[in-house]
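Given next are the chains, with one letter for each unit.
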Amino acid sequence: MLEKLKQRWKVNTLNLILIIATFALGGSLCGYAGRKILQLTNIDKGFLYILLYIILITLLWPICVLIISVPLGQFSFFRRYIKRIADRTSRRSAKKINIAIFASGAGSNAKKIIEHFSSPGKVKIALVVCNKPGAGVLDIAAQANIPSIVIEKNAFADGDAVLAQLKNYHIDFIVLAGFLLKVPEQLIKAFPKKIVNIHPALLPKYGGKGMYGHYVHESVIANKDVESGITIHFADEVYDHGEIILQARCPVDPNDTAATLAQKIHVLEHAHYATEIDKLLR
Ligand code: GAR
């Protein structure tokens with residue numbers, strides 16, 4: 001443990017001891033100063049007191065540690081250490097997450113997701129990728145002023161070229177919303193656990209190549225299943241496969257057709273997909 005710290009901070013044993021001493025003394029000084037300052041106010045030791053104490057020691061900690069580091073000869077180490085924490089915190093809170101939605105068809109799921117993230121915030125729908133010229137999802141993107149690109153089947157198989165396009169838009173996360181092509185391995189590797197898919201059935205049932213849209217619902221009805229549903233999952237190298245994030249169910253009635261079942265499935269998809277993505281990104 002101590003050896004690891006020495007390597008990580010690139011210091012010798014004596015410096016490491018002095019650094020640990022600075023942490024301990026600086027922390028104690030900070031706690032002491034925080035209590036003394038709060039004593040000057042007449043706040044009772046309740047929720048407000050604890051809240052103010054936490055805020056105070058967060059603000060006082062870097063000051064106290066820097067003060068103690070001077071006599072212990074560790075000022076330059078702690079100045080760099082505190083600067084690194086501040087940089088990391090500000091970068092984390094400022095960075096936007098850029099999503100690319102991949103879709104092949106009408107784009108009702110894409111529309112819901114775009115609406116969900118439409119107000120300014122940490123998440124931005126930065127790009128729509130579609131493999132079919134003229135697909136409805138392209139109109140949805142245009143109406144929302146979201147850039148879109150069409151990459152047809154053969155070009156899409158060249159994962160490196162797709163990756164380069166995504167880089168241009170600084171994409172951090174990919175949402176497959178009714179996207180019917182297989183995602184190339186290069187993309188899966190470049191976005192580990194950062195590609196999610198929605199499938200209109202309870203996987204592992206009715207998944208795989210050729211199992212999409214009405215084909216899925218027709219199979220469910222042909223097999224006389226009494227329930228169906230949706231699966232939201234991380235995408236991996238295999239079609240409709242990967243760690244499941246959420247499944248939601250709906251009954252299949254004897255008089256259901258592929259079209260009526262598709263409507264029920266769409267209701268579930270629209271209720272869950274955007275909120276699950278939001279939860280994942282938080
Ligand atoms: C959705 O039901 C989605 O689950 C399905 O395509 C539909 C697209 O609808 N996806 C698959 O079948 C993937 N295997 P939309 O274009 O209205 O969002």
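What you are looking at is a predicted structure, and each value in this text was computed from that prediction instead of being measured.

Draft legend 1. Expanded view of the domain arrangement of the chain. Domain assignment breaks the chain into domain 1 (2-94), domain 2 (96-192) and domain 3 (194-282). Between the C-alpha centres of domain 1 and domain 2 there is a distance of 44 Å.

Draft legend 2. Looking closely at the nonpolar core. In terms of nonpolar packing, the biggest core is built from 41 residues, with I99, I101, I113, V175, Y273 and I277 touching the most fellow members. Domain assignment of the residues forming this core places at least three in each of domain 2 (96-192) and domain 3 (194-282). Aside from chain neighbours lying at most four places away, what touches I99 is F117, V123, K124, I125, A126, L127, I171, F173, V175, I277 and L281.

Draft legend 3. Representation of a nonpolar patch on the surface in the model. On the surface, a nonpolar cluster with roughly 530 Å² of combined accessible area is contributed by F47, L48, L51, I55 and L59. Within the secondary structure, F47 sits in helix 3 (residues 47-69).

Draft legend 4. Local environment of the environment of G27. For G27, the location among the structural elements is in helix 2 (residues 13-40). On the basis of relative accessible area, G27 is assigned to the partly exposed category, the value being 28%. Sequence-wise, G27 and F102 are 75 residues apart; in three dimensions their C-alpha atoms are separated by 50 Å. Residues in contact with G27, not counting those within four places in the same chain, are T22 and W61.

Draft legend 5. Spatial organisation of the side chain of N109. Locating N109 in the fold gives a position in helix 5 (residues 108-116). Classification of N109 as buried rests on a relative accessible area of 7%. When sequence neighbours within four positions are dropped, the list of residues in contact with N109 reads A177, H266, E269, H270 and Y273.

Draft legend 6. Highlighting the site of the ligand. Around the ligand lies a shell of 14 residues, among which G107, S108, N109, G213 and E269 are the nearest. One of the side-chain N or O atoms of S108 is found 2.5 Å from an oxygen atom in the ligand. Contact between the ligand and G213: an oxygen atom at 3.1 Å from a main-chain N or O atom of the residue. Here the ligand is seated within the largest pocket. Of all the secondary-structure elements, those providing two or more residues to the shell around the ligand are helix 5, strand 5 (195-199) and helix 11 (258-281).

Quick notes on the rules
- Residues numbered from 1 in each chain as written.
- Predicted model: local features only at pLDDT ≥ 70, side-chain atom pairs only at ≥ 80, totals over all residues.
- Heavy atoms only, no water.
- Domains from an automatic or database assignment.
- Core = buried A, V, L, I, M, F, W, Y, C linked by side-chain atoms within 4.5 Å.
- Buried < 20%, exposed > 50% of the residue type's maximum accessible area, 1.4 Å probe, protein only.
- Contact = heavy atoms within 4.5 Å.
- Patch = residues over 30% accessible without salt bridge, like charges linked within 9 Å, V, L, I, M, F, W, Y side chains within 5 Å.
- Areas by Shrake-Rupley, 256 points an atom, 1.4 Å probe, with all protein chains shown as cover.
- Salt bridge = Lys/Arg side-chain N within 4 Å of Asp/Glu carboxyl O.
- Helix = DSSP H or I, 4+ residues; strand = E, 2+ residues; numbered from the N terminus.
- Near = heavy atom within 4 Å.
- Polar contact = N/O pair within 3.5 Å; in protein donor to acceptor, adjacent residues only side chain to side chain.
- 1 Å grid on protein atoms, 1.4 Å probe; cavity = no way out; pocket = protein on both sides within 12 Å on 5 of 7 lines; lining within 4 Å.
- Sits in = over half its atoms within 2 Å of the grid points.

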